[in-house]
Amino acid sequence: MAAASIRERQTVALKRMLNFNVPHVKNSTGEPVWKVLIYDRFGQDIISPLLSVKELRDMGITLHLLLHSDRDPIPDVPAVYFVMPTEENIDRMCQDLRNQLYESYYLNFISAISRSKLEDIANAALAANAVPQVAKVFDQYLNFITLEDDMFVLCNQNKELVSYRAINRPDITDTEMETVMDTIVDSLFCFFVTLGAVPIIRCSRGTAAEMVAVKLDKKLRENLRDARNSLFTGDTLGAGQFSFQRPLLVLVDRNIDLATPLHHTWTYQALVHDVLDFHLNRVNLEESSGLENTPAGARPKRKNKKSYDLTPVDKFWQKHKGSPFPEVAESVQQELESYRAQEDEVKRLKSIMGLEGEDEGAISMLSDNTAKLTSAVSSLPELLEKKRLIDLHTNVATAVLEHIKARKLDVYFEYEEKIMSKTTLDKSLLDIISDPDAGTPEDKMRLFLIYYISAQQAPSEADLEQYKKALTDAGCNLNPLQYIKQWKAFAKMASAPTSYGNTTTKPMGLLSRVMNTGSQFVMEGVKNLVLKQQNLPVTRILDNLMEMKSNPETDDFRYFDPKMLRGNDSSVPRNKSPFQEAIVFVVGGGNYIEYQNLIDYIKGKPGKHILYGCSELFNATQFVKQLSQLGQK
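Residues numbered from 1 in each chain as written. Predicted model: local features only at pLDDT ≥ 70, side-chain atom pairs only at ≥ 80, totals over all residues. Heavy atoms only, no water.

## Considerations on the sheet that holds strand β17 (residues 609-614)
The condition is simple: Between any two strands, pairing holds if DSSP finds at least two bridges. Helix numbering and strand numbering both begin at the N terminus, where a helix is a DSSP run of H or I of at least 4 residues and a strand a DSSP run of E of at least 2. To define axes, lines are fitted to C-alpha atoms, for helices over the stretch in contact only, and angles between the resulting N-to-C directions are given on a 0 to 180 degree scale. In what follows, residue pairs with any heavy atoms lying within 4.5 Å of each other are defined as contacts.
Taken together, 7 strands build an open sheet; the order of strands is β6-β7-β17-β16-β9-β8-β15 and the sheet is mixed. With partners counted over all chains shown, the strands left at the sheet margins are β6 (145-148) and β15 (558-560), one partner each. Averaged over all adjacent pairs, the angle separating strand axes in this sheet is 20°, with direction ignored. As paired elements, strand β7 (residues 151-153) and β17 share 3 bridges and run parallel to each other. Bridge pairing in β17 links V153 to C614. The strands touched by helix α21 (residues 537-546) within the sheet are β8 (200-203), β9 (248-253), β16 (581-587) and β17, with β9 carrying the most contacts at an inclination of about 145°.

## Comments concerning helix α15 (residues 409-420)
Note the cut-off: Residue count minus one, scaled by 1.5 Å, sets the expected span of a helix. For the exposure calls, accessible area comes from a 1.4 Å probe over protein chains only, and a residue counts as buried if that area is under 20% of its type's maximum, exposed if over 50%, partly exposed in between.
Taking 1.5 Å per residue as the helical rise, α15 with its 12 residues ought to reach 16 Å, and the 16 Å between its terminal C-alpha atoms agrees with that figure. The buried count for α15 comes to 12 of 12 residues, which makes it a mostly enclosed element. Buried within α15 are the following residues: L409, D410, V411, Y412, F413, E414, Y415, E416, E417, K418, I419 and M420. With its phi angle positive at about 55°, K422 sits one or two positions after the end of α15.

## Details of unusual backbone geometry
The backbone phi angle of N21 is positive, close to 65°, even though this residue is not glycine. Taking the relative accessible area as the measure of exposure, N21 reaches 12% and is therefore buried. Phi is positive for Y141, which is not a glycine, with a value near 50°. In this fold, Y141 is placed in the loop between β5 (134-139) and β6.

## Things to note about the sheet that holds strand β10 (residues 277-279)
The sheet built from 3 strands is open, its strands ordered β10-β11-β12 with antiparallel pairing. Two strands close off the open sheet at either side, each with one partner strand: β10 and β12 (304-309). For this sheet, the mean inter-axis angle between neighbouring strands, taken without regard to orientation, is 20°. The pairing of strand β11 (residues 282-287) with β12 spans 6 bridges and is antiparallel. Along β12, the bridge assignment pairs L285 with K306. The strands that helix α14 (residues 380-407) touches are β11 and β12; relative to β11, the one it contacts most, it runs at about 75°.

## Comments concerning the packing of α21 against helix α22 (residues 592-603)
Selection criterion: In what follows, roughly perpendicular refers to angles from 65 to 115 degrees, roughly parallel to angles under 35, roughly antiparallel to angles over 145, and oblique to any angle outside these ranges. Each helix crossing is assigned a hand: it is left-handed if the near helix lies turned anticlockwise from the far helix by less than a right angle, otherwise right-handed if that turn is clockwise. Under the scheme applied here, ten amino acids are nonpolar (Ala, Val, Leu, Ile, Met, Phe, Trp, Tyr, Cys and Pro), four are charged (Asp, Glu, Lys and Arg), and all others, including Gly, are polar.
Direction vectors running N to C along α21 and α22 enclose 40°, while the axes themselves pass 9 Å from each other. As far as their axial angle goes, α22 and α21 are oblique. Here α21 and α22 pass one another in a crossing that is right-handed. For the pair α21 and α22, contact is made by V538, T539, L542, D543 and M546 and by E594, N597, L598, Y601 and I602, respectively. Looking at the contact of α21 with α22 residue by residue, the class counts come to 6 nonpolar, 2 polar and 2 charged.

## What to know about the packing of aromatic side chains
Basically, it comes down to this: Working definition: rings of Phe, Tyr and Trp (its six-membered ring) pair if their centres are within 6.5 Å, and the pair is stacked with planes under 30 degrees apart, edge-to-face with planes over 60 apart, and tilted otherwise.
A complete count under the given rule lists 24 aromatic pairs for this structure. Considering the side-chain rings of F191 and F192, the 5.1 Å spacing of their centres and the 80° angle between planes classify their relative orientation as edge-to-face. Side by side, F191 and F192 carry an identical accessibility label, which is buried. Here the aromatic rings of Y268 and F325 are separated by 6.4 Å at their centres, their planes lie at 55°, and the arrangement is tilted. Of this pair, Y268 sits in helix α10 (residues 268-275) while F325 sits in helix α12 (residues 325-353), and the two are 57 residues apart along the sequence. For the pair Y268 and F325, one class covers both residues: buried.

## Some thoughts on the pairing of β11
With 3 bridges joining them, β10 and β11 adopt antiparallel strand pairing. By the bridge assignment for β11, F278 is matched with V283. Between β10 and β11, which follow one another and run antiparallel, lie 2 residues, and L280 among them has a positive phi close to 50°.

## A short note on the pattern of salt bridges
A pair can form between side chains of opposite charge whenever their charged atoms are brought close. Filter applied, for reference: Whenever a carboxyl oxygen of Asp or Glu lies within 4 Å of a side-chain nitrogen of Lys or Arg, that contact is scored as a salt bridge.
One pass over the full model with this rule turns up 29 salt bridges. Residue R446 pairs with D274 through a salt bridge whose shortest N-O separation is 2.9 Å. Here D274 lies in helix α10 and R446 lies in helix α17 (residues 441-454), a separation of 172 residues in the sequence. Judged on exposure class, the residue R446 and its partner D274 are both buried.

Put into structure tokens, the structure is as follows:
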């Protein structure tokens, strides 16, 4: 693994900020300085996937509050602010200064604050006689959200600002487009400051990705040229994982591959994101608490909502988030059995201990069991944690399984894989669309859109009408198709359809172990599909650019090097050697399917690392909704 993942770097930066911007030392004795943390929604989204409440407490944060909530004065405590430099946030901070809420103020801006806004704060501090209390003002350059060691997303709060729909609206004005691009570039710039590296940028021509590349290149260039205030000098640089070689940034446009975000998936993390409410590493489940024997007419018990955090600390999640679902179900079962064995051992020791003083045999057993009991007791916390994780994944996996069975997702997944890899189809598309038991109207729409996007030539008008009728009968909204139709006509002029490799999944008969009655997961009728590695378009593009392969798909990608004095617009790379580190960024939204595909790809390349980023992270439901809005126009 690289010297420091982006997750670690962002966590370190946050801890330094919470420590009043001095590096955080682990083993310093004594209590931390108690303080309050004031953040806005943006700050909350950045901190929550990285630091738990317990970690915040260890850093001395006794209270964490939203900036725009009603806060009581706490005059003898320092406050650390972590907010975006927006008008209303700054007004509210000035109000806090006037009301003298805290002992001292450490103002941290998520993204760089403008000169005029700084002056507003200075004036307010003067007016309130609070100048000595404003201890520090910092630009943190942390305007992005890290979800995994190797995955980040730009924003979560106002993501409709930079969504696929926002970038592809037919009626977007130039100024609106500029704003969208500036928002994306600002976050990417923060990302590279935190990473401590200046990338070499490649992007496809004539797309939103190209606009981002041009702006990002300009912004990095300006910062590098201003030597006194450059953010890429001295201590930050050499320490990075990229001290010898610079990373490659590949900017791709969502439009090069619209099929993948609609695809039904088969790996654990992507399934959780697709069918459950999974957001910033937290999954929210509704648990039906069983039907009680209530008298007829009594209302059913209401559902409990539960939320679970799926974090890197969770070993099971780290190991299996990329595994095919049947494997996950089997692993949960194995974990459960090994846990039960340990638990039984503890129980057995307890019962032996109750025998003392009965006879010689028991006494001799005691002495050797005391040691066993001691070790059993000391392993209790570990056992409890194990039990918590097993329960968590049993619940999450059961919820996913219910969706798979109710909607026949395995059938969809297998069929879509066949469409995308151009293999012969064993049953007609119309059959699936008109089968009332197979999936929701949305599942059918996703399947048809994938078929439509992947088809070499579009279906004839007559066929299309027939499909449309079947879709309408199934209760589908046809708006997304309207948009995809226009998109396809437009894209056809631009390029040939993307190919998705020609491998397929092999159904391998159902898992016998999961089938046996002892298992919690009844997998009956669910196919056990095994995935074969095939590169999706995004991964293929990365492979070409990272390994310097010549390929018509990527040969005309533009090349930017912000460190070159004169920016020359060429697509001829100066650097001929393959890259060790790369960042893939999808403008217009990404998904866990692509992320997983990239991770699987890089596993076969020892010594190389990649990061996956996207302007927003959507699942198919959210994406179909955006397509539908685009199709209404």
